[in-house]
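Here are the chains, one letter per residue:
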Amino acid sequence: MITKTERATIIADTTLGAGNVLHRVIAYGHPLDGEALWTDGTWTAPDGTRPERLTLGELHDTVKVYASWYHARGVRPRDPVAIQTFSSTEFAVNFLALTSLGAIPSFVNGKLRPEVAREYVRRQGVVGVLTDEAHREVFAGYLDELAFHFGVTAKDIGPGGSLPDEFPYAHDSTDPIIISHSSGTTGMPKAVPHTHETLLYAQLHRLKLSLGTSMSRLLVALPGSHNAAISVLLFGLLLRSPVYLQSSQLGGDVLDAAEKFKPTTIFGFSGTYAEMAAHDLSKRDLSSVEGWYNTGDAAHEAHVRALIAQGSHEWIDSEFTRVRMPGSVFTDGLGSSETGYSIFHNGHRPGSTSYNRCIGKPMSFAEAAVLSEDGKVLPPGEVGRLGVKSPTLTPGYWNDSLTFHRLRLGGYWLTGDLATQDEAGNFYHLDRAPDAIRTAGGLVLSTSTEELLLRELPELDDCTVVAVAPENVRADWDGDGVAEAYVLLQTTASRTDEEWTRVVNEALMKAGLPALARALVTDAGEVTKGATGKVLKRTLRERFRATTVSGERA
């Protein structure tokens, strides 16, 4: 990792931003033979090899090959270029190459349905598209219709082009440097741009703080198409910390990568952590892990406790001495593509008690409030819409300012979450507004209900609460209808659905929460997830409407 002197140099660099990190760290004198990037075997280099790792110099040389190839194709500053692949490394290299030209990489998750991917990209006015072989046919035959200048696969990239005279491109702080999309849980994904300033703002803020040893080796288990993955990569380059880009977010695959790479910190979404926690971690070597960082939706206590029992972490004892303590630290955050970073942080270590969906306080550079429907700030204890203000916030949706401004209220940007606040100023994430369920017995906050069940019923690996409503009836936070609430249980315990329904409702009634209509044991594969790994409760609602309202089993 970097020294204090190097850190001071970085903090003082007024030209530094998300669009030029690779070139700035080389200018700082970071060793070119230093280990920079580990791949997971999904990326093929321009010379046809599949390197396991790249030094800083090798990464820079590769980026120049990509950049010269794009330049020869006519890509110029401020041109959006779409990238769709299954490889996190491919996303990263394209980001570094295109931003070095002043162009704007537009990332498309490899799991998007072809028709959704085409329509999503069409709206952005991209000049071309690059895919892997698996996605070649997504855009083949549509180039004229979509007005693309080129459509190629990554294997077409090779040496031979020239770089522009002004290389790398000199960014202004307001220049867009990436477009990545939201999870699409409510329909068509939203195109979320970030600028030279917004995507790196939080990481530069963190550089002013003490980092300890936990950031010395970083495993990124976030989707490679998400701006958070790029943000961590850039942070690793600044810190001179090797970064492993893991293309699969499946829990078992991430555990395999951790045993191979020996990370000190793992970055992921809550869904990945839930899958990891379902494994027998006593049979896994996680001794190197000091920390976990969660973004997106807040994580469940049951999963956090399983993970922090692994590894070790540094602690300053009563004698102000650094000591090594058993167990790791889980930093739970709430963030989104739009916020560019988890602007809430709540740290958990063995013995912690601040759970119950607590996401802590906003970072010092951000503001947050629980808002009423007319934009007034609600007092502690009341449930309302979560609004945030932050210099990390996207400047708006690409080519869709209407949608962005409809999500603003009282000067805040609405995250789409329901929250409350305690007297100490801590925030609690209760649910997504579209996932809350108005039932005859009262309002069911699906995520909070899942949290309680996982805490009270340790035989559960995971669970998902979903609404079952008649057609054309809206029974979420913004609706005025009534639905039934079902819970899908992932467990190996031997009970019938009827027995589980009784056990679940006993736990809920003991906590003073509304009962659910039915509990169903299901396989993890039956719980539909979107491109970024989030559970698609909207899809589950539609499926259950068709198959369970009539009394049939989904």
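As recorded by an unreviewed UniProt entry, the chain carries the name AMP-binding protein and is attributed to Amycolatopsis alba DSM 44262.

Asker: Quick rundown of the pattern of salt bridges? Include the residues and the values.
Answerer: Inspection of the entire model under this criterion finds 29 salt bridges. Note that Glu6 is salt-bridged to Arg240, the shortest N-O span being 2.8 Å. Residue Glu6 is located in helix H1 (residues 4-12), and its partner Arg240 is located in the loop between helix H9 (227-239) and strand E10 (243-245); the two are separated by 234 residues in the primary sequence. By relative accessible area, which is 22% here, Glu6 ends up partly exposed. Judged by relative accessible area, Arg240 falls into the partly exposed class, the value being 31%. We note a salt bridge from Asp256 to Arg284, for which the minimum N-O separation is 2.6 Å.

Asker: Give a description of the domain arrangement of the chain that names residues and reports values.
Answerer: When its domains are assigned, the chain resolves into domain 1 (4-247), domain 2 (366-431) and domain 3 (434-550). Domain 1 and domain 2 are separated by 29 Å when their C-alpha centres are compared. Domain 1 puts 15 residues into the contact, and the matching count from domain 2 is 11 residues. Summed over both partners, the interface of domain 1 with domain 2 comes to about 1000 Å²; 73% of that surface belongs to carbon and sulfur atoms. Taken together, the links from domain 1 to domain 2 amount to zero salt bridges. At the level of secondary structure, the elements contributing two or more residues to the side of domain 1 that touches domain 2 comprise strand E7 (176-181), strand E8 (191-195) and helix H8 (198-207). Top contributing element to the side of domain 1 that touches domain 2 by residue count: E8, with five residues. Class assignment of the residues belonging to the side of domain 1 that touches domain 2 gives a composition of nine nonpolar, four polar and two charged.

Asker: With reference to specific residues and values, describe the sheet that holds strand E27 (residues 518-521).
Answerer: The strand order across the open sheet formed by three strands is E25-E26-E27, and the pairing between neighbours is mixed. Of all strands in the sheet, those bounded by a partner on one side alone are strand E25 (460-468) and E27. With strand direction ignored, the average angle separating the axes of adjacent strands in the sheet is 25°. Relative to strand E26 (residues 484-491), E25 runs antiparallel, the two being bridged by eight bridges. Bridged to Cys463 within E26 is Leu489. Along the sheet, helix H15 (residues 497-510) contacts E25, E26 and E27; its crossing angle with E27, the most-contacted strand, is approximately 125°.

Asker: For the nonpolar core, give the residues involved together with the corresponding values.
Answerer: Membership of the largest hydrophobic core comes to 64 residues, with the highest contact counts inside it found for Leu59, Tyr70 and Leu234. With 10 residues, H9 is the largest single contributor of residues to this core. Those residues in contact with Leu59, other than ones at most four positions away along the chain, are Leu22, Leu37, Leu54, Val93, Leu96 and Leu237. Counting residues in each nonpolar core, the second largest holds 23 residues, with Ile437, Leu457, Leu460 and Val504 among its members.

Asker: How would you summarise the packing of helix H10 (residues 251-261) against helix H11 (residues 270-277) if you had to cite specific residues and measurements?
Answerer: Between H10 and H11, whose axes approach to 8 Å, the crossing angle comes to 80°. The angle between H10 and H11 falls in the class roughly perpendicular. Of the residues in H11, those touching H10 at Gly251, Val254 and Leu255 are Thr272, Glu275 and Met276. Broken down by class, the residue content of the contact of H10 with H11 amounts to three nonpolar, two polar and one charged.

Analysis parameters
Residues numbered from 1 in each chain as written. Predicted model: local features only at pLDDT ≥ 70, side-chain atom pairs only at ≥ 80, totals over all residues. Heavy atoms only, no water. Salt bridge = Lys/Arg side-chain N within 4 Å of Asp/Glu carboxyl O. Helix = DSSP H or I, 4+ residues; strand = E, 2+ residues; numbered from the N terminus. Buried < 20%, exposed > 50% of the residue type's maximum accessible area, 1.4 Å probe, protein only. Domains from an automatic or database assignment. Contact = heavy atoms within 4.5 Å. Buried area = accessible area lost by both parts, 1.4 Å probe. Nonpolar A, V, L, I, M, F, W, Y, C, P; charged D, E, K, R; others polar. Pairing = 2+ DSSP bridges. Axes fitted to C-alpha atoms, helices over the stretch in contact; angles between N-to-C directions. Core = buried A, V, L, I, M, F, W, Y, C linked by side-chain atoms within 4.5 Å. Parallel < 35°, antiparallel > 145°, perpendicular 65-115°, else oblique.

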